[in-house]
Amino acid sequence: GSGARGRVKMSAAVEETLKRIQSHRGVKGVLIVNSDGVPIRSTLNQESTDSYAALLSQLAFKASSVVRTLDETDGLTFLRIRSNKEEIMVAPDRDYLLIVIQRHEMN
């Protein structure tokens with residue numbers, strides 16, 4: 001079976017992905033949040049992690065619900081929020097959300 005060894009392999013792949021994303025210029029943080037809004041992995045401090053996880057999982061759930069209400073055969077694949085200071089990208093999966101927070105490039 002793919003028991004613990006499969007999980008370890010997936011963990012390693014997840015860590016590698018997090019490191020790769022985090023290394024991009026302007027990236028402030030990367031989070032993986034489960035379907036209950038609980039952060040599983042994060043490169044942010046605890047306070048920021050808890051805030052982003054709670055708020056963005058609620059927003060992603062709402063956005064997903066809006067998309068399905070407008071067309072029940074459709075589904076949310078990506079959510080992008082742009083503010084004056086940063087851009088937040090949310091990529092939902094069946095069981096998780098990948099959240100990337102990026103500062104705007106200052107020209």
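Residues numbered from 1 in each chain as written. Predicted model: local features only at pLDDT ≥ 70, side-chain atom pairs only at ≥ 80, totals over all residues. Heavy atoms only, no water.

(A) Broad picture of the pairing of strand β5 (residues 96–103). As paired elements, strand β1 (residues 27–34) and β5 share seven bridges and run antiparallel to each other. Considered in β5, the bridge of G29 is made with I101. As paired strands, strand β4 (residues 86–92) and β5 are joined by seven bridges and run antiparallel to one another. Directly across from V90, in β5, lies its bridge partner I99. Between β4 and β5, which pair antiparallel and follow one another directly, the connecting turn spans three residues. (Pairing = 2+ DSSP bridges. Helix = DSSP H or I, 4+ residues; strand = E, 2+ residues; numbered from the N terminus.)

(B) Quick look at the pattern of salt bridges. All chains considered together, the criterion is met by four salt bridges. R80 is the partner of E87 in a salt bridge, and the nearest nitrogen-oxygen pair spans 3.4 Å. Linking E87 and R82 is a salt bridge whose minimum nitrogen-to-oxygen distance equals 3.6 Å. You can call E87 buried: its relative accessible area is 10%. (Salt bridge = Lys/Arg side-chain N within 4 Å of Asp/Glu carboxyl O. Buried < 20%, exposed > 50% of the residue type's maximum accessible area, 1.4 Å probe, protein only.)

Functional significance is not addressed by these values, which are geometric in nature.
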